[in-house]
Amino acid sequence: MKLTTRITQVHPSLTLTISAKAKAMKAEGLDVCSFSAGEPDFDTPEHIKAAAKAALDTGKTKYGPAAGEPRLREAIAKKLGEENGLGYEAENIIVTNGGKHSLFNLMLALIEAGDEVIIPAPYWLSYPEMVKLAGGTPVIVTTSPAADYKITPEQLRSAITPQTKLFILNSPSNPTGMVYTPAEIQALAEVVVEEDILVVSDEIYEKILYDGAQHLSIGAVGAEIFEHTIISNGFAKAFSMTGWRIGYLAGPLELIKAATIIQGHSTSNICTFAQYGAIAALEGGLDCVEQMLQAFTQRREVMYERLQAIPGLSCPKPDGAFYLFIDIRKTGLTSLDFCNSLLESQQVAAIPGIAFGNDSCIRLSYATDLATIEKGMERIDKFVRNIL
Ligand code: GLU
């Protein structure tokens, strides 16, 4: 079969492949410690599930508007105003099939052959692939551990060409866990405005912050940058709703209308009764998010502390999200060999850094219980000591 050139240029999602493999090994009865997918292990909070069940029982089982239920779009606009200082109306929001799909819609609406998209590396693995699927060119800017894996304003400016259309910013970052300070965000905003490009801010981890780290949405820096900003977010990480597949894109009306046309010809609306769960998530307060954050905080301490005791491995302490991005260079292995052999010999699943554009590192997710973290870190310790 002759497939398109488009699909032959794209790699499968390693986060999904490795997580599925770890889950299948567990189902076979193997004692696997999975640090692979960034998927909170908590159940979705009760009030959110109850709202979706009630929606099912009251007939919210039909097609809805392609851009989302009006009440949900309003609730998202209110949240963005109150929590993030972003002045959007409901019409500036489209509800999508998860955060990933919001970005995919964006790429299809905005990017075509000849357009360049600036992506700081390490990056979340789907960004470059989505740009390629849309026909555009990803421009990867490598950041350094010394700069906490953050792109500097100088690096951003020098990557910009007349073909640059979009810059992808992700803070808190997957896979590094780094959070840009408000001053760093402001400095990047200046470059975006001066160079007249667009920025999409992927804020899916905005609620998962540690040690007083602050999240500033780049669009809230000022009126000018607001016009250059698109926001991508979703319910998966903050409310433990990964399987619900509800995300959203917020931005200029023209863009949201374009994304709605794409959605109207592809997915139509997101599962109607699930959207009622999302409304309950936004209207039900942030206590449940706070509780999960407390657990993540403790898990981060434990995993980071255990890591410090393993010879040859190092990583910056994350200020957000739920990942450690660990330098494995001293083991002499590529990230893929490290992860394959760790899974094979110790039944510990991790994601090779090469998937995120950095072969010197691996990513561990600590969105899992403490007992698994303790056991898995002990196994990694054994694994590394055997190599060194
Ligand atoms: N975003 C999560 C991760 O990086 C879930 C898997 C995926 O969608 O890539 O692990």
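Notes on the structure follow. (Residues numbered from 1 in each chain as written. Predicted model: local features only at pLDDT ≥ 70, side-chain atom pairs only at ≥ 80, totals over all residues. Heavy atoms only, no water.)

## Comments concerning the packing of aromatic side chains
So, point 1. Evaluated as defined, the whole model comprises 13 aromatic pairs.
So, point 2. Ring geometry for Trp-124 against Tyr-127: centres 5.5 Å apart, planes inclined by 85°, an arrangement best described as edge-to-face.
So, point 3. Taking relative accessible area as the criterion, Tyr-127 reaches 3% and is therefore assigned buried.
So, point 4. The interplanar angle of 80° and the centroid separation of 5.7 Å between the aromatic rings of Tyr-205 and Tyr-323 together place this pair among those described as edge-to-face. With Tyr-205 in the loop between β6 (198–202) and α9 (223–227) and Tyr-323 in strand β9 (residues 323–327), this pair connects stretches of sequence that are 118 residues apart. When sorted by exposure, Tyr-205 lands in the same class as Tyr-323, which is buried.
So, point 5. Every member of this aromatic cluster is reached through a ring pair, and the members are Phe-42, Tyr-205, Phe-296, Phe-322 and Tyr-323.
So, point 6. Residue placement shows Lys-150 over the ring face of Tyr-180; its charged tip is 5.7 Å from the ring centre. (Phe/Tyr/Trp six-rings, centres within 6.5 Å; stacked < 30°, edge-to-face > 60°. Buried < 20%, exposed > 50% of the residue type's maximum accessible area, 1.4 Å probe, protein only. Helix = DSSP H or I, 4+ residues; strand = E, 2+ residues; numbered from the N terminus. Lys NZ or Arg CZ within 6 Å of the ring centre and 35° of its normal.)

## Brief notes about the sheet that holds β6
So, point 1. Strand order across the open sheet formed by 7 strands is β2-β8-β7-β6-β5-β3-β4, with mixed pairing between neighbours. Either end of the sheet is taken by a strand with one partner, and the two such strands are β2 (93–96) and β4 (137–142). With direction set aside, neighbouring strand axes in the sheet form an average angle of 20°.
So, point 2. Relative to strand β7 (residues 229–234), β6 runs parallel, the two sharing 4 bridges. Its bridge partner being in β7, Asp-202 is matched across the sheet by Ser-232.
So, point 3. Contacts between helix α4 (residues 70–84) and the sheet are confined to β2, β7 and β8 (247–250), with β2 contributing the most and set at about 115° to the helix. (Pairing = 2+ DSSP bridges. Axes fitted to C-alpha atoms, helices over the stretch in contact; angles between N-to-C directions. Contact = heavy atoms within 4.5 Å.)

## Details of the site of the ligand
So, point 1. Around the ligand sit Thr-15, Leu-16, Ala-37, Gly-38, Lys-100, Trp-124, Leu-125, Asn-174, Lys-237, Tyr-323 and Arg-363, and those are all the residues in its vicinity.
So, point 2. Contact between the ligand and Thr-15: an oxygen atom at 2.6 Å from a side-chain N or O atom of the residue.
So, point 3. Side-chain polar atom of Arg-363 to an oxygen atom of the ligand: 2.8 Å apart, as the coordinates give it.
So, point 4. Contact with the protein chains hides 88% of the accessible area of the ligand, taken as 280 Å² for the molecule alone.
So, point 5. Classifying every residue of the shell around the ligand gives 5 nonpolar, 3 polar and 3 charged. (Near = heavy atom within 4 Å. Polar contact = N/O pair within 3.5 Å; in protein donor to acceptor, adjacent residues only side chain to side chain. Areas by Shrake-Rupley, 256 points an atom, 1.4 Å probe, with all protein chains shown as cover. Nonpolar A, V, L, I, M, F, W, Y, C, P; charged D, E, K, R; others polar.)

## Some remarks on α4
So, point 1. Over its 15 residues, α4 runs 20 Å from end to end, which matches the ideal 21 Å to within 8%, given 1.5 Å per residue.
So, point 2. For α4, every residue scored as buried is listed here: Leu-72, Arg-73, Ala-75, Ile-76, Ala-77, Lys-79, Leu-80 and Asn-84.
So, point 3. Next to the buried residues of α4 lie β2, β7, β8 and α11 (272–283). (Expected span 1.5 Å × (residues − 1).)

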